[in-house]
2 protein chains.
Amino acid sequence: MAFSRYVGILTLVAGCRLPSGVLALWPIPTTLETGMTAVTISPTFYFDVQVTSAPADLHEAVSQSQYYLENDKLGRLVVGRGANDTTALASAKILSKLTLSLTSSAAAEPIASEAVKPLGTRSEEYALTIPADGSAATLTANSTLGLYRGLTTFNQLFYYYGGVTYTLLAPIVITDTPAYPFRGLALDTSRNYYPVADILRTLDAMSWVKINTFHWHITDSQSFPLEIAQYPELAMNGAYSAQEVYTASDVQYIVQYAAARGIDVMMEIDTPGHTAIIAATYPEYVACFDATPWSQYANEPPAGQLRFALPEVINFTASMLSDVAKTLPSYYFSTGGDELNTNCYANDYLTQQQLNSTGMTLNGALDAFTQTTHGALIAEGKTPVVWEEMVLNWNITLSNETIVMVWISSADAAAVAERGFRIVQAPSNYFYLDCGAGEWLGDDPAGNSWCDPFKTWSEAYTFDPLANLTEAQYGLVLGGEQALWSEQSGPQNVDPIVWPRAASSAEIFWSGKQPTGAALNVTEALPRLHDVRYRMVQRGINAIPLQPHWCAIRPDACDLYA
Amino acid sequence: MAFSRYVGILTLVAGCRLPSGVLALWPIPTTLETGMTAVTISPTFYFDVQVTSAPADLHEAVSQSQYYLENDKLGRLVVGRGANDTTALASAKILSKLTLSLTSSAAAEPIASEAVKPLGTRSEEYALTIPADGSAATLTANSTLGLYRGLTTFNQLFYYYGGVTYTLLAPIVITDTPAYPFRGLALDTSRNYYPVADILRTLDAMSWVKINTFHWHITDSQSFPLEIAQYPELAMNGAYSAQEVYTASDVQYIVQYAAARGIDVMMEIDTPGHTAIIAATYPEYVACFDATPWSQYANEPPAGQLRFALPEVINFTASMLSDVAKTLPSYYFSTGGDELNTNCYANDYLTQQQLNSTGMTLNGALDAFTQTTHGALIAEGKTPVVWEEMVLNWNITLSNETIVMVWISSADAAAVAERGFRIVQAPSNYFYLDCGAGEWLGDDPAGNSWCDPFKTWSEAYTFDPLANLTEAQYGLVLGGEQALWSEQSGPQNVDPIVWPRAASSAEIFWSGKQPTGAALNVTEALPRLHDVRYRMVQRGINAIPLQPHWCAIRPDACDLYA
């Protein structure tokens, strides 16, 4: 991909820090050059889509970008919120259009198709220029997905004061490409249910910071809100109510909505643990269902795990997983595999009978279960994704293609890498958004969050995706994600508990480093993250203030040693 | 006050625990007797107000109660959400009205007048009966305020299933009176601003759990959002923006809205610390304004404290405080007094010059400042309220009537009591709602919340208002409050960070104990608090789930040792 380089008077952002509240892109692009000229958006500004057979979702993305350009109305985060810019704006050049084009003249694919291609084959890169002379801005990419990423950047360039939408830093030249292909957010919709509208709003916010994977932990032991055509009883009996179900059409709508925003939906149906509620439909498939004391059989109530040694359970699970997976465009599907409790099977008659009659060990049975269920997914063209225990705690033969999610501790990535698997970094000690909210179990007033303390955006931001890995292993790291587990969350707090914190991993895995080449740095990042938060609020997301507003408009004034 | 006792077949709730999800009052009343008969609300149900010259706000309260009765539509928190109640409901008696009356035939005062009387002189008690035979329910009280409290209880008695609003436990006989006169919630509207609508919504939720004091920490060092007629520049220069101001009419509207819901607004203008932003208007009144490093001069940025030794500052402060206080109906006004940093004055020329010329110590100057500012409030008929440092860290002569708020630690109440002052319990180690959200200062990614960990509802619920006090000192405890400091809060998260947690102190200070006489107990309380939360959600408050919904409809199943 070759971009013609802009040859104007530019400030190369290398070794220097941009004035805060002037340019606050997030994630920060790969290269960034800026000038010192004010440019305002023309009242007749338009997006000139010079794309052959532009797909409908590109036109929709352009309309959305136009909407944000007109409605963000975000004042710069400085004292006065832009009141001091009026002199510069009086002599500003006027930008009349942004021209979008692809580097190839081949017919463009929809964003939604580009977004769900295999990791490593998507083209998210783009080049964006805003000239200082009022001539057309340009956005160029190899794919509609790249154009989409560029549009989200374009919208972050502009501020509003006194009826004028503007930037002060033209000419602006950006080239941008992600450091990692997988940049996710995980949401658990089983412990508590989230209406579809809340998921759509979350997808919007994800798209603004270039998160490209929605890891949908859709079921768990507490509820089974997923309607599956071939197994309708699972949701009928397992959802919290008939209203708290993701119907097949809901899922398709969410998947399509996500894909049009550059987001792949990687669904997880956690097995063989985290499945107690399946007993409401198939009691004979579940061991130790609701056994007490629950803590002897599960990490949280209710106890209950699939009897994975039984042939009928293997068949059911393989069939159910592939029935779901084949309805989804994503190449990736997670079968979970975390927190399997062996006590659950120790006195389970059906399991022990099966093990005795076959001479299998529990590990052997789990291996057989996994090979069959994963085999069913692979037969559908899917790549299985599992939690780390499946490679670290059990001796199971997994396809080399299997992707392993590290969650218990960031220290565990090295052991996963040693086994040669590709990694998604989701370590609880940096990335779990639910940590720090206190014990949720009853009758434990002195209890604390199991993964206390709260993971601030800045703690998360210090995560090093390559820590403890050898250079030869770096290529195994596909990216990472922050995760919201919903024991104490629901639609009531999803916005404030997720945003703007989840932007931390979005930048770690998109940018990797600053445009200067320096490592990411919390002090540099904070003013930009304030900007993310204030823009989210303007767009209707209940993102929390990270600091008093006094601090947000005075970059660095509230640093620990300021 | 004499109530005729209901003489039916009753289950006296003594020594036994009510079936969960059947009756979930919060705060739990003083006495409570229940039967086992289902009673449904008639489609023509009405409130029969048998009150001479019933004030307009009582009629409004009745309309609100009617609205909740019709619109709460809360299913019982049991599996099936009431589906198993249909048999009982088929033969249920039908309740046609609730008769409200006062014990005295004297002309009734408005709720809003009763709510702002001096502590100890308000009558909040009431008696409520729901007969089992379908005859009229009755609510009796000494005051319209008592009737208001009874209405909030009445609304908590009913559940909804399949088009029917009902209770299963008639006859119900309740008598109820608060254990403590002061039950508050504090909100800081300076670090970040809350629109009026968010405050009104919070007042509504407070009223549902019988909280009777809104402690409005309206100003601080970061912003001064209060419009004061005599000092308009303070808000003009000190508010975050012209839109982020509580105008005089906003304040009156909030105060009236609160009072009509039985809530007294106790405003705090924190002095002489926490006043940096006054420098935006009167730079000569503020020492060490925005001095760096801020940590040398203040507990958080920006530094800046009133030059309380200067006569003109004393006059200004006394005048400003009394100008504000006289617009408010409350007998109580807080002058703050926390976290005064003496470094700020050590090299402050104007302060040192004044001390030198008068021969006063800094303590002496603070004493003089306090006596004058408090004197101005007392002259307006107000009782001053201060934070604990004013009696524990300084040697100041305060009026015996002064109320002292304990905040640094619950252990400090004993020292305040030793000095003979009345106490409001607001200890950070139990009641600060902002704790546990991580460090908010910049450039400190490993930093943690200063008052970590998060104070769960159950930790707060174990607070003993009389701990470490002698019996002779018990009478000094007026009550207590939970508090939200807003470094990391705003309208985006006020609901989920406050609710349902702030109901914990509401019950501690209203109920004090269970109707059985036993101490409050987190295991007994949890199912009822789930009920509070679910009802709040039905009424539009974004209260967080305390547990997975699976747990909420299965009382005790998710206890630590269940």
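All of these numbers come straight from a predicted model, not from anything done at the bench.

A. Spatial organisation of the overall build of chain A. Scanning chain A from N- to C-terminus turns up 19 helices and 17 strands. Counting only C-alpha atoms and orienting by the principal axes, one finds that chain A spans roughly 85 × 55 × 50 Å. Within chain A, buried positions represent 65% of all 562 residues. Of the contacts made within chain A by residues no fewer than 6 positions apart, 75% connect residues no fewer than 24 positions apart. Surface exposure of chain A reaches about 18600 Å², of which carbon and sulfur atoms provide 51%. For chain A, the separation between the mean place of its 28 positive charges and that of its 55 negative charges on side chains is 12 Å.

B. Broad picture of the sheet that holds strand β15 (residues 403–406) of chain A. Residue and element names in this part refer to chain A. If you trace the eight strands once around the closed barrel, you get β8-β9-β10-β13-β14-β15-β16-β17, paired in parallel fashion. Across the sheet, the mean angle separating the axes of adjacent strands is 30° when strand polarity is ignored. Here helix α7 (residues 248–260) sits on the sheet and contacts β9 (213–217) and β10 (264–271); the angle it forms with β10, its principal contact strand, is near 135°.

C. Expanded view of the state of the cysteines. Residue and element names in this part refer to chain A. A full pass over the atoms with the stated rule returns six disulfides over all chains. A sulfur-sulfur separation of 2.0 Å characterises the disulfide bridge that pairs Cys551 with Cys558. Taking the sign of the S-S torsion, about -75° here, the bridge from Cys551 to Cys558 comes out left-handed. Judged by relative accessible area, Cys551 falls into the buried class, the value being 2%.

D. Broad picture of the pairing of strand β16 (residues 422–425) of chain B. Residue and element names in this part refer to chain B. By the alternation rule, side chains of β16 split into Arg422 and Val424 and Ile423 and Gln425, which are all buried. In this sheet, β16 lies alongside strand β15 (residues 403–406) in parallel orientation, the contact comprising four bridges. When the bridges of β16 are listed, Met405 appears paired with Val424. On the question of chirality, the crossover connecting β15 to the parallel β16 by way of helix α13 (residues 413–418) is right-handed.

E. Summary view of the packing of aromatic side chains. Under the counting rule described, the total for this entry stands at 58 aromatic pairs over all chains. The ring of Trp510 of chain A carries Lys210 of chain A above its face, with NZ or CZ at 5.8 Å from the centroid. If you follow Arg535 of chain B out to its NZ or CZ, it ends over the ring of Tyr159 of chain B, 5.4 Å from the centre.

F. Inspection of the relation of the copies chain A and chain B at higher detail. The two copies are related by a screw motion: chain A maps onto chain B through a turn of 180° and a shift of 0.0 Å along the axis, at an RMSD of 0.0 Å. Overall, the copies show the geometry of a two-fold rotation axis. No C-alpha of chain A lies nearer the rotation axis than that of Gly436 of chain A, which sits 3.1 Å from it. Interface overlap between copies is the fraction of interface residues in one copy that are interface residues in the other; for chain A against chain B it reaches 100%, indicating a shared surface.

G. Spatial organisation of the interface of chain A and chain B. The partner chain B presents 57 residues to the 57 residues of chain A that form the contact. Of the roughly 4600 Å² buried where chain A meets chain B, counting both sides, 59% is carbon and sulfur surface. Run the count over chain A and chain B and you get zero salt bridges. Linking chain A to chain B there are 22 residue pairs in polar contact (both at pLDDT 80 or more). Among the secondary structure elements, those contributing two or more residues to the side of chain A that touches chain B are α15 (457–461), α18 (522–538) and α19 (549–552) of chain A. The element that contributes the greatest number of residues to the side of chain A that touches chain B is α18 of chain A, accounting for five residues. In terms of residue class, the side of chain A that touches chain B is built from 28 nonpolar, 19 polar and 10 charged.

H. Representation of the sheet that holds strand β14 (residues 383–387) of chain B. Residues and elements named next belong to chain B. Strands sit in the order β8-β9-β10-β13-β14-β15-β16-β17 around a closed barrel of eight strands; the barrel is parallel. Strand after strand, the sheet turns through a mean of 30° between neighbouring axes, direction not considered. Bridging between strand β9 (residues 213–217) and strand β10 (residues 264–268) involves five bridges; their strand directions are parallel. Note that in β10 the partner of Thr213 across the bridge is Asp264.

I. The environment of Leu398 of chain A, seen in detail. Residue and element names in this part refer to chain A. Structurally, Leu398 is set in the loop between α12 (389–392) and β15. Classification of Leu398 as buried rests on a relative accessible area of 9%. Measuring from C-alpha to C-alpha, the distance between Leu398 and Phe421 comes to 9.4 Å, with 23 residues separating the pair along the chain. Contact partners of Leu398, with chain neighbours within four places excluded, come to Thr370, His374, Val386, Met390, Val391 and Phe421.

J. Region of the structure containing the packing of helix α8 (residues 311–325) of chain B against helix α11 (residues 362–379) of chain B. Residue and element names in this part refer to chain B. Running from N to C, α8 and α11 cross one another at 25°; their axes reach a closest spacing of 8 Å. Our classification of the angle between α8 and α11 gives roughly parallel. Judged by the twist between their axes, the crossing of α8 over α11 is right-handed. Between α8, through Ile314, Thr317, Ala318, Leu321, Ser322 and Ala325, and α11, the contact on the second element is made entirely by Phe369, Thr372, Thr373, Ala376 and Leu377. Here the residues of the contact of α8 with α11 sort into seven nonpolar, four polar and no charged.

K. Main features of unusual backbone geometry. Between Ala170 of chain B and the following residue, Pro171 of chain B, the backbone shows a cis peptide bond with an omega angle of -5°. Note on placement: Pro171 of chain B falls in strand β7 (residues 164–176). With an omega of -5°, the peptide bond between Asp452 of chain B and Pro453 of chain B qualifies as cis. Tracing the backbone shows Pro453 of chain B in the loop between α14 (428–431) and α15 (457–461). Despite not being glycine, Asp443 of chain A shows a phi value in the positive range, around 65°. As for its position among the elements, Asp443 of chain A is in the loop between α14 (428–431) and α15.

L. Molecular detail of the nonpolar core. In terms of nonpolar packing, the biggest core is built from 121 residues, with Leu203, Trp216 and Trp499 of chain B touching the most fellow members. Non-local contacts of Trp499 of chain B, meaning those with residues more than four positions away in its chain, are made with Leu185, Thr202, Ala205, Met206, Val209, Ile211, Met536, Ile541, Ala543 and Ile544 of chain B. Listed in part, the 120 residues of the second largest apolar core include Met267, Leu398, Leu469 and Ala506 of chain A.

M. The confidence of the model for chain A, seen in detail. Residues and elements named next belong to chain A. When pLDDT is averaged across chain A, the result is 95; 96% of the residues are at 70 or more. Across chain A, element-level confidence peaks in β9 with a mean pLDDT of 99 and bottoms out in strand β1 (residues 11–12) with 45. Counting contacts from residues 1–16, a segment whose pLDDT is below 50, to residues more than four positions away or on other chains yields 38 contacts. For this predicted complex, the interface confidence score (ipTM) comes to 0.96, while the overall pTM stands at 0.96.

Conventions we followed
Residues numbered from 1 in each chain as written. Chains lettered and ligands numbered in written order. Predicted model: local features only at pLDDT ≥ 70, side-chain atom pairs only at ≥ 80, totals over all residues. Heavy atoms only, no water. Helix = DSSP H or I, 4+ residues; strand = E, 2+ residues; numbered from the N terminus. Buried < 20%, exposed > 50% of the residue type's maximum accessible area, 1.4 Å probe, protein only. Contact = heavy atoms within 4.5 Å. Areas by Shrake-Rupley, 256 points an atom, 1.4 Å probe, with all protein chains shown as cover. Lys, Arg positive; Asp, Glu negative; His and termini not counted. Charge placed at Lys NZ, Arg CZ, Asp CG, Glu CD. Pairing = 2+ DSSP bridges. Axes fitted to C-alpha atoms, helices over the stretch in contact; angles between N-to-C directions. Disulfide = S-S within 2.5 Å. Right-handed = clockwise from strand over helix to strand, strands pointing away. Phe/Tyr/Trp six-rings, centres within 6.5 Å; stacked < 30°, edge-to-face > 60°. Lys NZ or Arg CZ within 6 Å of the ring centre and 35° of its normal. Least-squares fit on C-alpha atoms with pLDDT ≥ 70 in both. Buried area = accessible area lost by both parts, 1.4 Å probe. Salt bridge = Lys/Arg side-chain N within 4 Å of Asp/Glu carboxyl O. Polar contact = N/O pair within 3.5 Å; in protein donor to acceptor, adjacent residues only side chain to side chain. Nonpolar A, V, L, I, M, F, W, Y, C, P; charged D, E, K, R; others polar. Parallel < 35°, antiparallel > 145°, perpendicular 65-115°, else oblique. Left-handed = near helix turned anticlockwise from the far one by under 90°. Core = buried A, V, L, I, M, F, W, Y, C linked by side-chain atoms within 4.5 Å. pLDDT = per-residue confidence, 0-100.

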